[in-house]
Amino acid sequence: MINRVYRLVAPKQIQVNFCNIDLNTSDVIVRPRFLSICAADQRYFQGLRPPEALKKKLPMALIHECAGVVVHDASGVYKPGQKVLMVPNQPFAPPGIIRDNYASTSKFRASGYDGFMQEYVSIVHDCVVPYDNIDDSIASICELISVATHAVTTFMQTAHSIRNDVAVFGDGNLGYITALLIKTMMPETKLHVMGIVDEKLSLFSFADEIHHSDRLPAGLRVDHAFECVGGQVSGTIINSIIDIINPQGTVMLMGVSEQPVPINTRMVLERGLTLIGRSRSTTKDFEDTRDLLESHPDMQSRLRRIIRDTVPVRTIEDMNNAFNTDFSNPYKTVMHWMI
Amino acid sequence: MIYAGILAGGVGSRMGMTGMPKQFLSVGGKPIIIHTIEKFLMCGRIDHIYVAVVKDYVSHMTDILRKEIGDSDRVTVIEGGADRNGSIVNVISAIRKNDSSPDSILITHDAVRPFVSARIIEENIDAAIEYGATDTVIPATDTIIRSADGKQLDEIPVRDELYNGQTPQTFRISMFEEDYFALSDEQKKILTDACKIFILAGRTVRMVKGDSYNMKITTPFDLRLAEAIVAEELSHD
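Residues numbered from 1 in each chain as written. Chains lettered and ligands numbered in written order. Predicted model: local features only at pLDDT ≥ 70, side-chain atom pairs only at ≥ 80, totals over all residues. Heavy atoms only, no water.

## Concerning the interface of chain B and chain A
Note the following rule: Note on definitions: a residue-residue contact is assigned when non-hydrogen atoms from the two residues lie within 4.5 Å. Summed over both partners, the accessible surface that disappears when two parts come together, traced with a 1.4 Å probe, is what is meant by buried area. Put simply, a salt bridge is a Lys or Arg side-chain nitrogen that is within 4 Å of an Asp or Glu carboxyl oxygen. We call two N or O atoms a polar contact when they sit within 3.5 Å, provided that within protein one can donate a hydrogen and the other can accept it, with sequence-adjacent residues counted only if both atoms are side-chain atoms. Helix and strand definitions follow DSSP, with helices as H or I runs of at least four residues and strands as E runs of at least two, each counted in order from the N terminus.
Counting from both sides, the interface comprises 29 residues of chain B and, opposite them, 32 residues of chain A. Of the roughly 2,600 Å² buried between chain B and chain A on both sides combined, carbon and sulfur atoms contribute 51%. Here chain B and chain A share 5 salt bridges between them. Across the salt bridge formed by B:D211 and A:R4, the nearest N and O atoms sit 2.7 Å from each other. Taken together, chain B and chain A are joined by 11 residue pairs in polar contact (both at pLDDT 80 or more). Looking at the side of chain B that touches chain A, the elements that each hand over two or more residues are α1 (32-41), α4 (118-131) and α8 (220-230) of chain B. A total of 4 residues in the side of chain B that touches chain A trace back to one element, the largest contributor, which is α4(B).

## Side note on the packing of α1(B) against helix α2 (residues 58-68) of chain B
Residue and element names in this part refer to chain B. We count it as follows: Lines fitted to the C-alpha atoms define the axes, with helices restricted to the stretch that makes contact. Angles between their N-to-C directions range from 0 to 180 degrees. Oblique is the label for every angle not falling under 35 degrees (roughly parallel), over 145 degrees (roughly antiparallel), or within 65 to 115 degrees (roughly perpendicular). By convention, the crossing between two helices is left-handed when the near helix turns anticlockwise from the far helix through less than a right angle, and right-handed when the turn is clockwise. In this classification, the charged set is Asp, Glu, Lys and Arg, the nonpolar set is Ala, Val, Leu, Ile, Met, Phe, Trp, Tyr, Cys and Pro, and all remaining amino acids, among them Gly, are polar.
Packing of α1 against α2 brings their axes to within 11 Å, and their N-to-C directions diverge by 60°. Comparing their axes, α2 and α1 come out oblique. Crossing geometry of α1 relative to α2 is assigned as right-handed. Judged by residue contacts, I33, I34 and I37 of α1 engage M61, I64, L65 and E68 from α2. Looking at side-chain class alone, the contact of α1 with α2 contains 6 nonpolar, no polar and 1 charged residues.

## Quick notes on the sheet that holds strand β1 (residues 2-10) of chain A
Residue and element names in this part refer to chain A. As a reminder of what qualifies: Note on pairing: two strands pair once DSSP finds at least 2 bridges between them.
With antiparallel pairing, the 3 strands of this open sheet are ordered in space as β2-β1-β4. Every other strand in the sheet has two partners, leaving β2 (13-20) and β4 (60-61) as the edge strands with one partner each. In terms of strand pairing, β1 meets β4 through 2 bridges, oriented antiparallel. The partner of L8 across the bridge, within β4, is M60.

## Quick notes on the packing of helix α9 (residues 283-295) of chain A against helix α10 (residues 297-304) of chain A
Residues and elements named next belong to chain A. With their axes 5 Å apart at the nearest point, α9 and α10 run at an angle of 100° to one another. On the basis of the axis angle, α9 is roughly perpendicular to α10. In this structure, α9 contributes L292, L293, E294 and S295 to the contact, and α10 contributes P297, M299, Q300 and L303.

## Some words on the nonpolar core
The line we're drawing: As used here, the term nonpolar core means buried Ala, Val, Leu, Ile, Met, Phe, Trp, Tyr and Cys residues forming a set that is joined through side-chain atoms within 4.5 Å. A 1.4 Å probe rolled over the protein chains alone gives each residue an accessible area, and that area as a share of the maximum for its type sets the label: buried under 20%, exposed over 50%, partly exposed in between.
In this structure, A:M117, A:F226 and A:M335 are the most contacted members of the largest nonpolar core, which totals 99 residues. For A:F226, the residues in contact, after removing those within four places along its chain, are A:A151, A:V152, A:F155, A:V166, A:A167, A:V168, A:F169, A:T178, A:I182, A:M252 and A:M254. One finds A:Y120, B:I33, B:I46 and B:A128 within the second-largest nonpolar core, a separate group that totals 38 residues.

## Brief notes about unusual backbone geometry
Here A:L58 and A:P59 are connected by a cis peptide whose omega angle stands at 0°. Relative to the assigned elements, A:P59 resides in the loop between α2 (51-57) and β4. Across the junction of B:T167 and B:P168, the peptide omega takes the value 15°, indicating a cis bond. When you line up the elements, B:P168 lands in strand β8 (residues 163-172). Residue A:K12 is not a glycine yet carries a positive backbone phi of 65°. For A:K12, the position within the fold is in the loop between β1 and β2. On the accessibility criterion, A:K12 (49% relative accessible area) is partly exposed.

## Section: the sheet that holds strand β16 (residues 250-253) of chain A
All names here are of chain A. Pairing is parallel across the open sheet formed by 6 strands, whose spatial order is β14-β13-β12-β15-β16-β17. A strand with exactly one partner marks an edge of an open sheet, and here the two such strands are β14 (209-212) and β17 (274-277). Adjacent strand axes in the sheet meet at a mean angle of 20°, parallel and antiparallel pairs treated alike. Bridge count between β16 and β17: 4 bridges; the pairing is parallel. By the bridge assignment for β17, T250 is matched with T274. Of the strands in this sheet, β12 (165-169), β13 (190-195) and β15 (224-227) touch helix α5 (residues 173-185), which is tilted by about 160° from β12. The sheet strands contacting helix α7 (residues 234-244) are β12, β13, β15 and β16, and the helix crosses β15 at an angle near 175°.

Read these as spatial facts, not as claims about activity.
Now the structure itself:
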């Protein structure tokens, strides 16, 4: 079948390409339905990545957050019409000690090979997760939620067991989702949220304490912290965490920075801190996320608040509009894919 | 129920140089008509697909269908008619053996338009359910000249009001039956376009936005263009 693939060929320039999909494949053929725009996609679209990165990666179909519907599965595992979460990380080597979401042999969609901005996507069985009882637009942001699930799960497996006070730094989408997961998975823990924008912080009604990250209360101490800010201020935020964290605390680093950041390693050493980076999830994290969302409808209600726009997409012009809308939207923009 | 009718009744006289009808020629390593059928197979809303081919190619069509797609219980090959509407009549006859519903929809499509998109198919179905009949069109880009004798220019119609007709054309089957069978044999010979029959019967035909890639492969130039378009890789590193 001749499939349409919508690739970014240069900043703000999306072009359709036609590629053959073999229906006799062992893959599942999925029709993308709801695609969520991530900051990483936006950096490519707006041309904010370094020129050498753009030259190396483009042309490429964007979007790694997607929910779709199975249209064909020659193996019969999935029936046409089954809704699925689509996992952007595809392993190309057998399972080993290194998880496939960090293995150098794995490929990540919209970062080196084509993302989900396609008419149909041919995808391996291991990279689809069926769902039934999740709102479709929330399903489209499950990749982002699954990264937070992965980070919180890792934290619960590795951090020491004193978890009286845990802080989330960041009032954006990742901070909101991570905080919500912490409150759901560790309800006994006192959750502190640190951010900058009052209006955004007001969304965190489930948090126990809200603080402005540039004027933290004197004497405030937490046992562990999650950094969900990224960007140019990463270093400042990480050092703020180091200032208030108790000895042998764990710092989960989740924000992406284009530039290296200076870290107060003297205090890291003095307090025996553990810094763990987590940014990419795997199929297991998607399954855990699905189970969590299906068993906690209240989480879905809260997550709906960060989906600010759902844009119908039938043309390339609609795609451009969706990216431009998202650029001025601090929350999530979802494309209802009807192309 | 929703049915697709892939119309492949022609023998490709406009291609001229090949012995095989144009719909059986290969693009991207696969017969054009297979690409087209696959696109409709991927639409889960379509219950069954009928492929109407010229009589001498029914067995060939059945062979390549089995080879390229396998045994599908959603596709049936039937003999096409003398013209486009004749093929539609044959498709409807096949449908009516099991379905007498007045609400059933038929989405008809040229076999030689393999670049049709999922959007165009889905919008055709939605509009046919709501309005009864649809035609897929794109705005005309060339200036259209009308000339009765082919020598002298009679008229240059306003381009903003002109569109190029593509396919699919989609309609309620009962509507086609009512209007087509009311025509005389002479009218049937002249009125080869289903939508034209609906318009003459005073019905509303809704336009669905097509696109320029939904081209009809009818000439050697079209074939070369189609080959160039699909000669791209799915992914890269």
